[in-house]
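Listed here are the chains, written in short residue letters.
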Amino acid sequence: MTTTAARLGTRRSTMATSQSQRVADTITARTGVPVELVLITSFGDVTRAHLTQLGGTGVFVNALRDALLAGDVEFAVHSLKDLPTAPADGLTLAAVTERDDPRDALCARDGLKFADLPPGATVGTGSPRRVAQLAALRPDLRYVPIRGNAETRLGKVASGELDAVVLAYAGLDRVGRLDDVTDVFEVEQVLPAPGQGALAVECRTADAAGALSYLGTVDHGPTRAAVTAERVVLAELEAGCAAPVGAYAEFTADDRLRLRAAVVAPDGSQAVRAERTVTVTDYPDTVQAAAALGRQLAREMIRQGADRIVADAAVGRGEI
Ligand SMILES: NCc1[nH]cc(CCC(=O)O)c1CC(=O)O
């Protein structure tokens, strides 16, 4: 008897296939189920438009979701930070993998640290969240929007077109480019995107409890709780993945869940930053505690004007 391999849908980039292969190998090691990668081209991969002009959420995940719903693949692996917060009809988040390093990293010419970049130096990043937080730290630098995969972005530093680029540390690790990192931003300086460093495994809801219940073997409870809190902040602020919102949750030494979040105006001139910790055992389960924590923190931030900053930033991007 031959065992048919489960088909895992993934984007085609080196980063996507590397992280998907790792999930496939872990599933096979833990369950014995063979998994084959099916490469799917998303609109976000082929268009040259600037990310913030693509209508926000979902550009990288829609093609994978279409393939799932069409039955072309059994499950899909996404970078969790690219996944819209709204649930998708007929699909279930079957697993959230253990988070890799959530921080953002600087890759600069000549080994330069962020503090040592000369005034006026050009820093490439397509993320309003990064621009806003970096501009708050160094308003004297020039932030340049860029697109393309990690290798293309790093190439702009190698060619001398830019002095530096900022990318996710976890992504650089997955494409084998950690040698290019010259500085790493602590989460206190630059809060990561909600879900950064974690992967989402998505399948059809109809298969989740039965045929594909083995996907639960790659679910990591503490990461799922942390990213739940982070994504609730994003949802409550009615912000998409292109909004200047950072959020990071982690368990403290005494097993409480601490959530930090920031909303920063695109020029760094205004910011709402907040932090809150929850005692998880006060709630029926960890994910409910995380969701309550996210809602409470978001409400506190809205009282301080965070929703205004989010809306103004969307107007600035031409979304409203
Ligand atoms: N939007 C693209 C994207 N989606 C996930 C990652 C990095 C890996 C991760 O956060 O899991 C990246 C690239 C980047 O931000 O540098």
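Conventions adopted
Residues numbered from 1 in each chain as written. Predicted model: local features only at pLDDT ≥ 70, side-chain atom pairs only at ≥ 80, totals over all residues. Heavy atoms only, no water. UniProt positions renumbered as here; feature names shortened; annotations may be inferred. Helix = DSSP H or I, 4+ residues; strand = E, 2+ residues; numbered from the N terminus. Buried < 20%, exposed > 50% of the residue type's maximum accessible area, 1.4 Å probe, protein only. pLDDT = per-residue confidence, 0-100. Domains from an automatic or database assignment. Expected span 1.5 Å × (residues − 1). Arc of directions from axis to C-beta. Contact = heavy atoms within 4.5 Å. Salt bridge = Lys/Arg side-chain N within 4 Å of Asp/Glu carboxyl O. Near = heavy atom within 4 Å. Polar contact = N/O pair within 3.5 Å; in protein donor to acceptor, adjacent residues only side chain to side chain. Areas by Shrake-Rupley, 256 points an atom, 1.4 Å probe, with all protein chains shown as cover. Nonpolar A, V, L, I, M, F, W, Y, C, P; charged D, E, K, R; others polar. Pairing = 2+ DSSP bridges. Axes fitted to C-alpha atoms, helices over the stretch in contact; angles between N-to-C directions.

If you look the protein up in an unreviewed UniProt entry, it shows as Porphobilinogen deaminase from Thermobifida cellulosilytica TB100. According to the UniProt record, the Function (unreviewed entry) comment for the protein reads "Tetrapolymerization of the monopyrrole PBG into the hydroxymethylbilane pre-uroporphyrinogen in several discrete steps."

Colleague: How should the environment of alanine 292 be read in this particular structure?
Modeller: When you line up the elements, alanine 292 lands in helix α9 (residues 286–303). The exposure class assigned to alanine 292 is buried, which follows from its relative accessible area of 7%.

Colleague: Help me understand the confidence of the model for the protein, please; the structure alone is not making it clear to me.
Modeller: As a general rule, the predicted coordinates of low-pLDDT regions are not to be interpreted in detail. Looking at the protein as a whole, the pLDDT averages 92, with 94% of positions reaching at least 70. Two numbers describe this predicted complex: its pTM, 0.93, and its ipTM, 0.94.

Colleague: When you look at the domain arrangement of the protein in this model, what are you seeing that I'm missing?
Modeller: By a frequent convention, interface size equals the accessible area lost on bringing the separate parts together. Split into domains, the protein comes out as domain 1 (6–97 + 197–219), domain 2 (104–184) and domain 3 (230–314). Relative placement of domain 1 and domain 2: their C-alpha centres are 27 Å apart.

Colleague: Explanation requested: helix α1 (residues 14–31) in the structure shown.
Modeller: Because an α-helix completes one turn every 3.6 residues, residues spaced three or four positions apart along the sequence face the same direction. Taking 1.5 Å as the rise per residue, α1 with 18 residues should run 26 Å; its terminal C-alpha atoms sit 25 Å apart, in good agreement. Burial in α1 covers these residues: Ala16, Gln19, Ser20, Val23, Ala24 and Ile27. All buried residues of α1 project into a common sector of 140 degrees when viewed along the axis, lining one side. Elements that come into contact with the buried residues of α1 comprise β1 (6–10), β2 (35–39), β3 (75–79), α6 (169–174) and β10 (199–204). Immediately beyond the C-terminal end of α1, within one or two residues, lies glycine 32, with a positive phi of roughly 80 degrees.

Colleague: Explain the pattern of salt bridges to me, please; I cannot follow it from the model alone.
Modeller: A side chain of one charge can pair with a side chain of the opposite charge when the charged atoms of the two come close. Throughout the structure, instances matching the rule amount to 23 salt bridges. Across the salt bridge formed by arginine 103 and glutamate 186, the nearest N and O atoms sit 3.0 Å from each other. Taken together, the residues span a long stretch of sequence, with arginine 103 in the loop between β4 (91–96) and β5 (104–108) and glutamate 186 in the loop between β9 (183–184) and β10 at a distance of 83 residues. Between arginine 256 and aspartate 254 there is a salt bridge; the shortest N-O distance is 3.7 Å. Look at arginine 256 and you get partly exposed, because its relative accessible area is 30%. Aspartate 254 sits in the exposed class, given a relative accessible area of 53%. By sharing partners, the salt bridges in this structure join Glu188, Glu250, Arg258 and Arg260 into a single network.

Colleague: Sorry, what's going on with the site of the ligand here?
Modeller: Around the ligand sit Met15, Ser79, Lys81, Asp82, Arg130, Leu167, Ala168, Gly171, Arg174, Gln196 and Gly197, and that is every residue in its neighbourhood. Side-chain polar atom of arginine 130 to an oxygen atom of the ligand: 3.0 Å apart, as the coordinates give it. In the environment of the ligand, an oxygen atom lies 3.1 Å from a nitrogen or oxygen atom belonging to the backbone of glycine 197. Computed on the free molecule, the ligand has an accessible area of 400 Å², of which 87% lies beneath the protein chains in the complex. Along the lines of polarity and charge, the residues of the shell around the ligand split into 3 nonpolar, 4 polar and 4 charged. A domain-level breakdown of the shell around the ligand finds at least three residues from each of domain 1 (6–97 + 197–219) and domain 2 (104–184).

Colleague: Would you take a moment to explain the sheet that holds β1 for this structure?
Modeller: Strands in a sheet are paired, the pairing made by backbone hydrogen bonds, and the direction either parallel or antiparallel. Across the sheet, 5 strands lie side by side as β2-β1-β3-β10-β4; this open sheet has mixed pairing. If you trace the sheet from one side to the other, it starts and ends with β2 and β4, each paired once. When strand polarity is set aside, the average angle formed by the axes of neighbouring strands in this sheet is 30 degrees. Sheet topology note: the β4/β10 ladder contains 5 bridges and is antiparallel. Residue pairing for β10: alanine 95 is matched across the bridge by valine 201. Across the sheet, α1 touches β1, β2, β3 and β10, and the angle it forms with β2 is around 160 degrees. Along the sheet, helix α3 (residues 62–69) makes contact with β1, β3, β4 and β10, crossing β3 at roughly 170 degrees.

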